[in-house]
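Now for the letters of each chain:
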Amino acid sequence: MHIRTNVGYSSSPAYTRLQAQQPSTMSGMLLHCPRGCRTAFVLRLATLYRSERTCGATYISLNRPYDRVAHTMGMTVRGVRQMVHHANTSSLSTPATPITPTVFDNFAVGAIRRHIHWRFADKQHLTLSVLSMELKAEGVIPEHTSETAVWRLIHTMGFKYKVSQRKMYVRRESPDVVCRRIGALRALQHYREEGMMVVYVDETWFTTRMGHSREWVDTTQAVTSATHSQQVPPGEGERFVVVAGGTAGGFVEGSYLCYPAKSSQGDYHGEMNGDLFQRWLTTHLLLSLPEPSVLVLDNAPYHSQLTEESRCPTTATKKADLISWLEHRSISIPPAAARHQLLLLCQQNRPEPQYKIDNTIHEWGHQVVRLPPGHPELNAIEQVWGCMKSHVRSSLRQFTRADLQARLEEAKQLANKDIWLAAARHSQNYEKGYWRSDNIHEPVGPVIINVASD
């Protein structure tokens, strides 16, 4: 390492002329660096200059500029020479022209995310250049979009280029859930082909203390001050349960029911049971369906009450009841069978589940499609509940029962035909996605070939 005493080069005429020539090009290059190179460059220079000021001398001779740059940037001298040569022979040697940032709308962002997820699902390696080329070919981004703009966008979308976790695998769904989903999708398609109207049924809740999880606050004011934030009253407030049915054309006339809950604690499912749901079904919804329809239900407990004939004994069933259940179905019992043998025999002869709600709906001339657990995206009314809750959260002012009821009425009117139509299309798009991901094929009838003919 060569140490040379500082001879005041910063005030020399040659350095002054060089300083006047360089800033425009260098500042233009650093200004458009997408990965924070300007910050790293400034920090390294500041560290070097502070060190030289402390020792009162330069670390490397001024006659060795490439060595000084390599020492400052933590690079090799060969690398610095190659970069300087490339800059002198490329367009970067000219002053950079202002770059107009590319603006992407929500549709483009969603299309890009779906494209990347498709590449993940197809087990394909993804690079920035390949992604930019494919997105331009599909018309998602303009032809003039640079790779830097694509990098900025996917970086803000949450994608990071990092070391992959090769031992991490996606948790698979159980075969039972997949089979139930396939059955539900095929049933929906079959009933639509028959011209039956699809009715989405569900329940939800609203409270007098509903508010957004994030809000603007004035941090200069005390938390207890009225000028700190919106100041939603504390506590859970009074809860209302809403149950309804709807189609792509809106709420089914006469099916909307809103009533106050007895308790504000726990889940709203505690305020609904099989008897209440069946009473609402027969007195509100089914009376308003003039034509044969198919009702889409989730797997809530009060939707899934079994009939007595389809109940199977459990581990809590007494031995005498196990014997009675087997004898009633004419199932032979081994002599001197122990209790656990009888229970296993009952489970092996478990009948097909029959639900009270389904029987009631069939008696009225309608059909039922039950969604598998954890699939709210297939129930369009879930999207409608989200729109209504967003309105209620934003419009509550008094946080009282009367205020909530008024806001609920407004939200109900806002959930018009357009909202329902968009929600139904959203659910059907998910159905199409599951048809592709589950590799569901149309059933093919038998093909008979007469081998005796030509």
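Check the entry above for the structure.
First things first, this report covers the structure right here in the doc. Computed from a predicted model, the values in this text were never measured in an experiment.

**Quick word on the nonpolar core**
Core analysis: the largest hydrophobic core is formed by 37 residues, its most contacted members being Phe206, Phe251, Met388 and Val392. Those elements that place two or more of their residues in this core are helix H9 (175-193), strand S3 (197-207), strand S4 (239-247), strand S7 (293-297), helix H14 (381-395), helix H15 (401-414) and helix H16 (417-437). Counting 21 residues, the second-largest nonpolar core is a separate cluster that includes Met272, Leu289, Tyr302 and Val368.

**With respect to unusual backbone geometry**
The backbone of Ser330 shows a phi angle near 60°, a positive value even though the residue is not glycine. With respect to the secondary-structure elements, Ser330 resides in the loop between helix H11 (319-328) and helix H12 (339-348). What makes Ser330 exposed here is its relative accessible area of 69%.

**Quick notes on the side chain of Ser427**
Summarising the element assignment, Ser427 is placed in helix H16. At a separation of 3.1 Å, a polar atom in the side chain of Ser427 contacts the main-chain carbonyl oxygen of Glu377. Apart from the residues lying within four places of it in its own chain, the contact partners of Ser427 are Glu377, Leu378, Asn379 and Ala380.

**Quick look at the packing of aromatic side chains**
Remark: the centre distance and the inter-plane angle together describe each pair of aromatic rings, the angle taken between the planes. This model, assessed by the stated rule, comprises 5 aromatic pairs. Plain terms: the ring middles of Phe251 and Trp420 are 5.2 Å apart, the flat faces sit at 75° to each other, and that makes the pair edge-to-face. Note that Phe251 is positioned in strand S5 (residues 250-251) and Trp420 in helix H16, a separation of 169 residues in sequence. Residue Phe251 shares its accessibility class with Trp420, and that shared class is buried. Ring centres 5.6 Å apart and planes at 40° place the aromatic pair Phe277 and Trp280 in the tilted group. Of the two residues, Phe277 and Trp280 both sit in helix H10 (residues 274-285), 3 residues apart, roughly one turn of that helix. Grouping residues by exposure puts Phe277 and Trp280 together as buried. Taken together through their ring pairs, the aromatic side chains of Phe251, Tyr256, Trp385 and Trp420 make up a single cluster. Lying across the ring of Trp205, Arg239 places its NZ or CZ 5.1 Å from the centre.

What counts, and where the lines are drawn
Residues numbered from 1 in each chain as written. Predicted model: local features only at pLDDT ≥ 70, side-chain atom pairs only at ≥ 80, totals over all residues. Heavy atoms only, no water. Core = buried A, V, L, I, M, F, W, Y, C linked by side-chain atoms within 4.5 Å. Buried < 20%, exposed > 50% of the residue type's maximum accessible area, 1.4 Å probe, protein only. Helix = DSSP H or I, 4+ residues; strand = E, 2+ residues; numbered from the N terminus. Polar contact = N/O pair within 3.5 Å; in protein donor to acceptor, adjacent residues only side chain to side chain. Contact = heavy atoms within 4.5 Å. Phe/Tyr/Trp six-rings, centres within 6.5 Å; stacked < 30°, edge-to-face > 60°. Lys NZ or Arg CZ within 6 Å of the ring centre and 35° of its normal.

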